[in-house]
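Observations on the model geometry
One letter stands for each residue in the lines below.
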Amino acid sequence: MAEYLGEFFIEPFTEGSPGPPVRAGIEAVRSLGLDPDVGAFGTTIGGDAPAIARAVSALVMAALGAGATRVSFQVVERMDS
């Protein structure tokens, strides 16, 4: 089964002090057993298609429920080097 890399960005975002929408989205992904890599310009997760699909749904619901004004997400197939 193919593996994918998902990257998301939740607004409003304040560098160095992620607000409730950002924290809610990250915790939603963690609750599914994924290990997000939180970076300065987005957060990445990896997994198969079902795991990424569940993560997208959970993080959008959690972030919007916590006041997010925008959720950006992209998914690409992970290519082994």
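Whatever comes next refers back to the structure up there.
1. Brief notes about the nonpolar core
Counting residues in each nonpolar core, the largest one holds 13 residues, and the members touching the most others are Phe8, Ile10, Val29, Leu34, Ile45, Ala55 and Leu59. When residues of this core are traced back to their parent elements, those giving at least two are strand 1 (3-11), helix 1 (20-31) and helix 2 (49-65). Among the elements that line this core, the one with the most residues is helix 2, at five residues. Residues contacting Leu34, with those up to four places away along its chain left out, are Val29, Ile45, Gly46, Ala51 and Ala55.

2. Some thoughts on the packing of aromatic side chains
One pass over the full model with this rule turns up two aromatic pairs. Considering the side-chain rings of Phe8 and Phe73, the 5.8 Å spacing of their centres and the 5 degrees angle between planes classify their relative orientation as stacked. In this pair, Phe8 is assigned in strand 1 and Phe73 in strand 4 (residues 70-77), connecting sequence segments 65 residues apart. Ring centres 5.5 Å apart and planes at 50 degrees place the aromatic pair Phe9 and Phe13 in the tilted group.

3. Re the sheet that holds strand 3 (residues 43-48)
Each strand in a sheet pairs with its neighbour through backbone hydrogen bonds, running either in the same direction (parallel) or in the opposite one (antiparallel). Spatial ordering of the open sheet is given by 2-3-1-4, a layout of four strands whose pairing is antiparallel. Looking along the sheet, the strands with just one partner apiece sit at the ends: strand 2 (37-38) and strand 4. Here strand 2 runs beside strand 3; their pairing, made up of two bridges, is antiparallel. The residue of strand 3 that forms the bridge with Asp37 is Thr44. Seen against the sheet, helix 1 touches strand 1, strand 2 and strand 3 and runs at an angle of roughly 155 degrees to strand 1.

4. Description of the pairing of strand 3
Where strand 1 and strand 3 come together, six bridges link them in antiparallel fashion. By the bridge assignment for strand 3, Glu3 is matched with Asp48. The hairpin turn running from strand 2 into strand 3, its antiparallel successor, is four residues long, and Gly42 in that turn takes a positive phi close to 155 degrees.

5. Regarding the layout of surface pockets
When its volume is computed, the largest pocket comes out at roughly 170 Å³. Elements supplying a minimum of two residues to the lining of the largest pocket: strand 1 and helix 1. The biggest single contributor to the lining of the largest pocket is strand 1, with three residues. Looking at the lining of the largest pocket residue by residue, the class counts come to nine nonpolar, six polar and one charged.

Rules behind the numbers
Residues numbered from 1 in each chain as written. Predicted model: local features only at pLDDT ≥ 70, side-chain atom pairs only at ≥ 80, totals over all residues. Heavy atoms only, no water. Core = buried A, V, L, I, M, F, W, Y, C linked by side-chain atoms within 4.5 Å. Buried < 20%, exposed > 50% of the residue type's maximum accessible area, 1.4 Å probe, protein only. Helix = DSSP H or I, 4+ residues; strand = E, 2+ residues; numbered from the N terminus. Contact = heavy atoms within 4.5 Å. Phe/Tyr/Trp six-rings, centres within 6.5 Å; stacked < 30°, edge-to-face > 60°. Pairing = 2+ DSSP bridges. Axes fitted to C-alpha atoms, helices over the stretch in contact; angles between N-to-C directions. 1 Å grid on protein atoms, 1.4 Å probe; cavity = no way out; pocket = protein on both sides within 12 Å on 5 of 7 lines; lining within 4 Å. Points joined across faces, edges and corners; volume = space filled by probe spheres on them. Nonpolar A, V, L, I, M, F, W, Y, C, P; charged D, E, K, R; others polar.

By themselves, these figures tell us nothing about what the structure is for.
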